[in-house]
Amino acid sequence: MLALRVSIRTSYLPFSPPLAPMPSLRVELTNRQTQWPVDATRLLQAIERVLAAEGPADCQVHLAIVDDAEIHSVNRQFLAHDEPTDVVTFVLEQDERRLEGEIVVSAETAARLAAEVGWSYEHELTLYAVHGALHLLGYDDRDPASACAMRAKEAEYLRLLGIDPAAAKRFE
């Protein structure tokens, strides 16, 4: 009996290394409110910028834009805080190679606070997207030193996105 051996060449190099899995960065957005406009492209770009720079090779993140009533419900149900907030994040899966998470942001809070800090609603909402992505990566703002470090990272990414953080009172 004759044995037939077939080899498929995947490279022109005589000894090609095994192919590594391709990195994957996927960010999806759901707008669950209708009162305020959402620039989905800008928000997705903001999260992608943070994750590409600091995240693991494989990232899958979902961003939900909601109103205060919905984020209040999420905040109460999952964090036992009985109030609306700006951003809530959930790490669903994480190791050195993979991150899967969800960011929930309130467009209503962004609209209200933007006027208080002195910049546009769009910039405030973009800040929330960056803030949520940083939380997914392990940044924290529970104590003054951590909050200061997180604010510096937020400002860095906002500048990369063409937003001047000095325009908001919160970055003074």
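About the cut-offs
- Residues numbered from 1 in each chain as written.
- Predicted model: local features only at pLDDT ≥ 70, side-chain atom pairs only at ≥ 80, totals over all residues.
- Heavy atoms only, no water.
- Helix = DSSP H or I, 4+ residues; strand = E, 2+ residues; numbered from the N terminus.
- Buried < 20%, exposed > 50% of the residue type's maximum accessible area, 1.4 Å probe, protein only.
- Areas by Shrake-Rupley, 256 points an atom, 1.4 Å probe, with all protein chains shown as cover.
- Pairing = 2+ DSSP bridges.
- Axes fitted to C-alpha atoms, helices over the stretch in contact; angles between N-to-C directions.
- Contact = heavy atoms within 4.5 Å.
- Right-handed = clockwise from strand over helix to strand, strands pointing away.
- Phe/Tyr/Trp six-rings, centres within 6.5 Å; stacked < 30°, edge-to-face > 60°.
- Expected span 1.5 Å × (residues − 1).
- Arc of directions from axis to C-beta.
- Polar contact = N/O pair within 3.5 Å; in protein donor to acceptor, adjacent residues only side chain to side chain.
- Parallel < 35°, antiparallel > 145°, perpendicular 65-115°, else oblique.
- Left-handed = near helix turned anticlockwise from the far one by under 90°.

J.: Talk me through the overall build of the chain; I want residue IDs and the actual numbers.
T.: If you tally the helices and strands in the chain, you get five helices and four strands. N-terminal to C-terminal, the α/β element order of the chain is β-α-β-α-β-β-α-α-α. Going through the 172 residues of the chain one by one, you find that 35% of them count as buried. For the chain, the exposed surface amounts to about 10500 Å²; the carbon and sulfur share of it is 53%.

J.: Describe the sheet that holds strand 2 (residues 58–66), listing the residues and the values that go with them.
T.: Taken together, four strands build an open sheet; the order of strands is 1-2-4-3 and the sheet is mixed. Of all the strands in the sheet, the pair left with one neighbour each is strand 1 (24–31) and strand 3 (87–94). Sheet twist, expressed as the mean angle between neighbouring strand axes with direction ignored, is 10 degrees. With nine bridges joining them, strand 2 and strand 4 (residues 98–106) adopt parallel strand pairing. When the bridges of strand 4 are listed, Gln-60 appears paired with Glu-100. The strands touched by helix 4 (residues 121–136) are strand 2, strand 3 and strand 4; relative to strand 4, the strand with the most contacts, the crossing angle is about 145 degrees.

J.: Give a description of the environment of Ala-69 that names residues and reports values.
T.: Along the chain, Ala-69 falls in helix 2 (residues 68–79). Given a relative accessible area of 57%, Ala-69 falls into the exposed group. Considering only alpha carbons, one finds Ala-69 and Glu-108, 39 residues apart in sequence, at a separation of 9.1 Å.

J.: Summarise the pairing of strand 2; cite the residues concerned and give the values.
T.: Moving residue by residue along a regular strand, the side chains alternate between the two faces of the sheet. In terms of burial, strand 2 is a largely internal element, seven of the nine residues being buried. Sheet topology note: the strand 1/strand 2 ladder contains eight bridges and is parallel. Each residue of the ladder has a partner; that of Glu-28, found in strand 2, is His-62. Assessed by its sense of winding, the connection that carries the chain from strand 1 through helix 1 (residues 40–54) to strand 2 is left-handed.

J.: With reference to specific residues and values, describe the packing of aromatic side chains.
T.: Each aromatic ring pair is described using two quantities: the centre-to-centre distance and the angle formed by the ring planes. One pass over the full model with this rule turns up one aromatic pair. Ring centres of Phe-78 and Phe-90 lie 5.2 Å apart, and the angle between their planes is 75 degrees; this geometry places the pair in the edge-to-face category. Of this pair, Phe-78 sits in helix 2 while Phe-90 sits in strand 3; the two residues are twelve residues apart in sequence, bridging distant segments of the chain.

J.: I'd like to hear about unusual backbone geometry, residue by residue, with values.
T.: Notably, Ala-80 is not glycine yet its phi reads approximately 60 degrees, a positive angle. Mapped onto the fold, Ala-80 is located in the loop between helix 2 and strand 3.

J.: Let's hear about helix 2: which residues, and what values?
T.: With twelve residues, helix 2 extends 15 Å between its outermost C-alpha atoms, agreeing within 8% with the 16 Å of an ideal straight helix rising 1.5 Å per residue. Three or more residues of helix 2 are buried, namely Asp-68, Ile-71, Val-74 and Asn-75. Buried residues along helix 2 cover an arc of 125 degrees about the axis, so they all sit on one side. In this structure, helix 2 carries Ala-69 and Gln-77 as exposed residues pointing more than 90 degrees from its buried face. Where the residues of helix 2 are buried, they touch strand 2, strand 3, strand 4 and helix 3 (107–117). Looking at where helix 2 begins, the residue whose side-chain oxygen comes 3.3 Å from the main-chain nitrogen of Ala-69 is Asp-67. Ala-80 sits one or two residues past helix 2 and shows a positive phi near 60 degrees.

J.: Can you explain the packing of helix 4 against helix 5 (residues 144–160)? Please cite residues and give values.
T.: For the pair helix 4 and helix 5, the least separation of the axes is 10 Å and the interaxial angle reads 125 degrees. Taken together, the axes of helix 4 and helix 5 are oblique relative to one another. Note on packing geometry: the crossing formed by helix 4 with helix 5 is right-handed. Residues Thr-126, Leu-127, Val-130, His-131, Leu-134 and His-135 of helix 4 form the contact with helix 5, whose participating residues are Met-150, Arg-151, Lys-153, Glu-154, Tyr-157 and Leu-158.

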